[in-house]
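Residue strings, one per chain:
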Amino acid sequence: MAVVTGASRGAGRGIALALGDIGATVYLTGRSASIDAVAAEVTARGGRGIGVVCDHADDDAVAALFVRVGEEQGRLDILVNNAIALPSGLGDDQPFWERPLGHQSMFDVGLRSTYVAAWHAAPLLIEASGLLVNTSSFGGGCYMHGPAYGAVKAGVDRLAHDFGIDLAPHGVTAVSLWMGILRTERTLAALKADPDKYGDLAARTESVELPGRVVAALWQHPDRASWNGQVVVNAELAAELGVVDVDGGLAPSHRPMLGGPPTVNPAIVR
């Protein structure tokens, strides 16, 4: 069974649906009761969707979520940390001091919320020798959408690495997943609004369900621990695991254009 945070739309919704395809019970979080409609989609796909209204800026609500999961399931196989507060104007071409100060909300719901959810989930993941996935992007390694966004993505990447060190002795695998350019509502609107700016980028996108297919395949892999603590490129891991997108094709990696994950020194200082 799984928890997918920030599952009302976009990548979170796609991941939840893909986990429904393998018959998983999925707790999906969103800030409004509309999350129940996505939960119903998960159930229709063969899983069991359970919508939970949860604002990940509210630590008490997050704590209550995992208390409920523990009481109802007793364990947690997969946690996908996907919740993030994406402010309007994120893609605007402006220096950080000309952007609204509110863009720092991503530090709260995006970075801090990832730590809080993992903190509450850890005992349940240990019970199941589970899988912890932080969704991230190439913004963790290059300038993308400004300093705040980049810092958040680099932060969740580092959390996955360090979570992995603490969780490995307990059989839990932690990874950060660099998703490509997903066909989310936000991305499709941007591509449509300014096609000259983005050129042929639309042809190099991937569906919102591909990350979920990759998460499902990683969970089912007998040696998933070999990826523990790593930042992995979704398209590259999909190819390695034999996962195709919803159209049957292989998604492109953006490594040639945007670079790969940074290297973390293997030293451990306690």
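Residues numbered from 1 in each chain as written. Predicted model: local features only at pLDDT ≥ 70, side-chain atom pairs only at ≥ 80, totals over all residues. Heavy atoms only, no water.

As annotated in an unreviewed UniProt entry, the chain carries the name SDR family NAD(P)-dependent oxidoreductase and is attributed to Nocardioides albidus. The heading Sequence similarities (unreviewed entry) in the UniProt record of the chain holds the text "Belongs to the short-chain dehydrogenases/reductases (SDR) family." (UniProt positions renumbered as here; feature names shortened; annotations may be inferred.)

Draft legend 1. Focus on the pairing of strand β3 (residues 48-53). As judged from the six bridges shared by strand β2 (residues 25-30) and β3, these two strands associate in the parallel manner. Residue pairing in the sheet places V26 in a bridge with G49 of β3. Note that the unit made of β2, helix α2 (residues 35-44) and β3 has a crossover that is right-handed. (Pairing = 2+ DSSP bridges. Helix = DSSP H or I, 4+ residues; strand = E, 2+ residues; numbered from the N terminus. Right-handed = clockwise from strand over helix to strand, strands pointing away.)

Draft legend 2. The nonpolar core, seen in detail. In this structure, V4, L19, V26, L28, V215 and L237 are the most contacted members of the largest nonpolar core, which totals 34 residues. Among the elements that make up this core, the one with the highest residue count is helix α8 (residues 210-220) (six residues). With 25 residues, the next largest nonpolar core counts I50, A121, A122 and F163 among its residues. (Core = buried A, V, L, I, M, F, W, Y, C linked by side-chain atoms within 4.5 Å. Buried < 20%, exposed > 50% of the residue type's maximum accessible area, 1.4 Å probe, protein only.)

Draft legend 3. Summary view of helix α9 (residues 234-241). Turning to α9, its buried residues number three or more, namely N234, A235, L237, A238 and L241. End-on, the buried residues of α9 take up no more than an arc of 165 degrees, which puts them together on one face. Those residues of α9 that are buried lie in contact with β6 (173-179), α8 and β7 (231-233). Of the residues one or two after α9, G242 is the one with positive phi, at around 75 degrees. (Arc of directions from axis to C-beta. Contact = heavy atoms within 4.5 Å.)

Draft legend 4. Representation of the packing of aromatic side chains in the model. Within the structure shown, the criterion is met by three aromatic pairs. Centre to centre, the rings of Y115 and F163 are 6.2 Å apart; their planes meet at 40 degrees, and the pair counts as tilted. With Y115 in helix α4 (residues 105-128) and F163 in helix α5 (residues 147-167), the pair connects residues that are 48 residues apart, well separated along the chain. The exposure class assigned to Y115 is partly exposed, which follows from its relative accessible area of 45%. (Phe/Tyr/Trp six-rings, centres within 6.5 Å; stacked < 30°, edge-to-face > 60°.)

Draft legend 5. A look at empty space enclosed by the protein. Throughout the structure, instances matching the rule amount to one cavity of 30 Å³ or more. Of the volumes computed, that of the largest cavity is approximately 60 Å³. Looking at the lining of the largest cavity, the elements that each hand over two or more residues are α4, β5 (131-137) and α5. Considering each element in turn, the lining of the largest cavity owes the most residues, three residues, to α5. Class assignment for the residues of the lining of the largest cavity results in four nonpolar, six polar and one charged. (1 Å grid on protein atoms, 1.4 Å probe; cavity = no way out; pocket = protein on both sides within 12 Å on 5 of 7 lines; lining within 4 Å. Points joined across faces, edges and corners; volume = space filled by probe spheres on them. Nonpolar A, V, L, I, M, F, W, Y, C, P; charged D, E, K, R; others polar.)

Draft legend 6. Structural detail: the packing of helix α1 (residues 10-21) against α8. For the pair α1 and α8, interaxial distance at closest approach is 7 Å and the crossing angle is 45 degrees. When the axis of α1 is compared with that of α8, the two are oblique. Remark: the crossing between α1 and α8 carries right-handed chirality. On the side of α1, the interface is formed by I15, A18 and L19, while α8 contributes P211, G212, R213, V215 and A216. Among the residues making up the contact of α1 with α8, the classes are represented as six nonpolar, one polar and one charged. (Axes fitted to C-alpha atoms, helices over the stretch in contact; angles between N-to-C directions. Parallel < 35°, antiparallel > 145°, perpendicular 65-115°, else oblique. Left-handed = near helix turned anticlockwise from the far one by under 90°.)

Draft legend 7. Highlighting α1. For α1, which comprises twelve residues, the first-to-last C-alpha distance of 17 Å matches the rise-based estimate of 16 Å (1.5 Å per residue) to within 8%. Counting buried positions over the twelve residues of α1 gives ten, a clear majority of the element. Every buried residue of α1 is listed here: G10, A11, G12, G14, I15, A16, L17, A18, L19 and G20. Directly after α1, the chain includes G23, whose backbone phi takes a positive value near 85 degrees. (Expected span 1.5 Å × (residues − 1).)

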